[in-house]
Amino acid sequence: MCGGKANITGTQAFISPGYMNTILLNNLYPSTIYFYQVGNNEHNWSSIYKFINRSSSTDDEVNLIAYADMGVSPIQSGAKATIDRVLARFLSNNVTAILHIGDVSYARGIGTLWDAFMSQNEPTTSRASYMVGIGNHEYDHVTGGNKDPSQAPGDG
Ligand SMILES: [Fe+2]
């Protein structure tokens, strides 16, 4: 991710993401709907989103949705079908969290594809915990090789 297009600024390469903020929510009430909105007056505000905190019972089932290798629609033809199925499952079940276990966007340093990927996934990731893992397309190689998507120089 530090090689190739990630080192060039432009619409088909790296785009500064601007500010990235992290907020830790402490002492949430169980089984409670929380509404939230992100943004600021200078760059506008998002829609108002909501999520439901888990119940306090440790006997409640945990429902996870897990997938990998999604990509961005329409470049990866299966991406739209995957996110549609994830959203349908999410809306019909009490989903605790979504696990995206690697090869998340295939953006390979192209900022506009990352933006498209995040917009594509927003209907689900704005409503539930979302955790990503590192696949070979996110791994930051220090040497290259034929199958190194980061295009790091050298053999390896
Ligand atoms: Fe993959």
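Our structure's up above, just so we're on the same page.
Residues numbered from 1 in each chain as written. Predicted model: local features only at pLDDT ≥ 70, side-chain atom pairs only at ≥ 80, totals over all residues. Heavy atoms only, no water.

1. A short note on the overall build of the chain
Selection criterion: Under the scheme used here, helices are H or I runs from DSSP no shorter than 4 residues and strands are E runs no shorter than 2 residues, and both carry numbers assigned from the N terminus. Only protein chains enter the accessibility calculation, which uses a 1.4 Å probe; a residue is then buried when its area is under 20% of its type maximum, exposed when over 50%, and partly exposed in between. Contact criterion: two residues are considered in contact whenever any of their non-hydrogen atoms come within 4.5 Å of each other. In short, Shrake-Rupley with a 1.4 Å probe defines the accessible areas, and a residue's cover is counted only from the protein chains shown.
Helix and strand counts for the chain come out as two helices and seven strands. Its helices and strands in sequence order give the chain the pattern β-β-β-β-β-α-β-α-β, from N to C terminus. In the chain, which comprises 156 residues, the share counted as buried stands at 28%. Long-range pairs, those at least 24 residues apart, make up 60% of the contacts in the chain between residues at least 6 apart in sequence. As presented, the chain carries roughly 10900 Å² of accessible surface, and 55% of it is formed by carbon and sulfur atoms.

2. Some words on the coordination of the iron ion
Filter applied, for reference: Donor atoms: N, O and S within 2.8 Å of the metal, or within 3.2 Å for Na, K and Ca. Because water is excluded, sites can look incomplete.
Every protein donor of the iron ion is accounted for by Asp69 (OD), Asp103 (OD) and Tyr106 (OH), and the metal-donor separations fall at 1.9 to 2.1 Å. For Asp103, a relative accessible area of 8% corresponds to the buried category.

3. A closer look at the nonpolar core
The line we're drawing: For this analysis, a nonpolar core means a set of buried residues of the types Ala, Val, Leu, Ile, Met, Phe, Trp, Tyr and Cys, connected via side-chain atoms within 4.5 Å.
In this structure, Ile65, Tyr67, Met70, Phe90 and Ile98 are the most contacted members of the largest nonpolar core, which totals 13 residues. Contributing elements (two or more residues each) for this core: strand 5 (64-67) and helix 1 (78-92). For this core, the element with the highest residue contribution is helix 1, accounting for four residues.

4. A closer look at the sheet that holds strand 6 (residues 97-101)
The cut-off we apply is this: Strands qualify as paired when DSSP identifies two bridges or more between them. Axis lines are fitted to C-alpha atoms, over the contacting stretch for helices. Their N-to-C directions set the angle, which ranges from 0 to 180 degrees.
Pairing within the open sheet is parallel, and its three strands lie in the order 5-6-7. The open sheet has two free edges, formed respectively by strand 5 and strand 7 (129-133), since each of these has just one partner strand. Strand-to-strand, the axes of this sheet are offset by a mean angle of 15 degrees, without reference to chain direction. Two elements, strand 6 and strand 7, share five bridges in a ladder whose sense is parallel. Counterpart to Ile98 in the pairing with strand 7 is Tyr130.

5. Digging into helix 2 (residues 111-125)
Rules: A residue's bend is given by the angle between axes fitted to the 7 residues ending at it and the 7 residues starting at it.
Residue Ser119 marks the point of greatest curvature in helix 2, where the axis turns by about 30 degrees; the proline Pro123 follows within four residues. Within the span of helix 2, buried status applies to Gly111, Leu113, Phe117, Gln120, Asn121 and Thr124. On the buried face of helix 2, the contacting elements are helix 1, strand 6 and strand 7.

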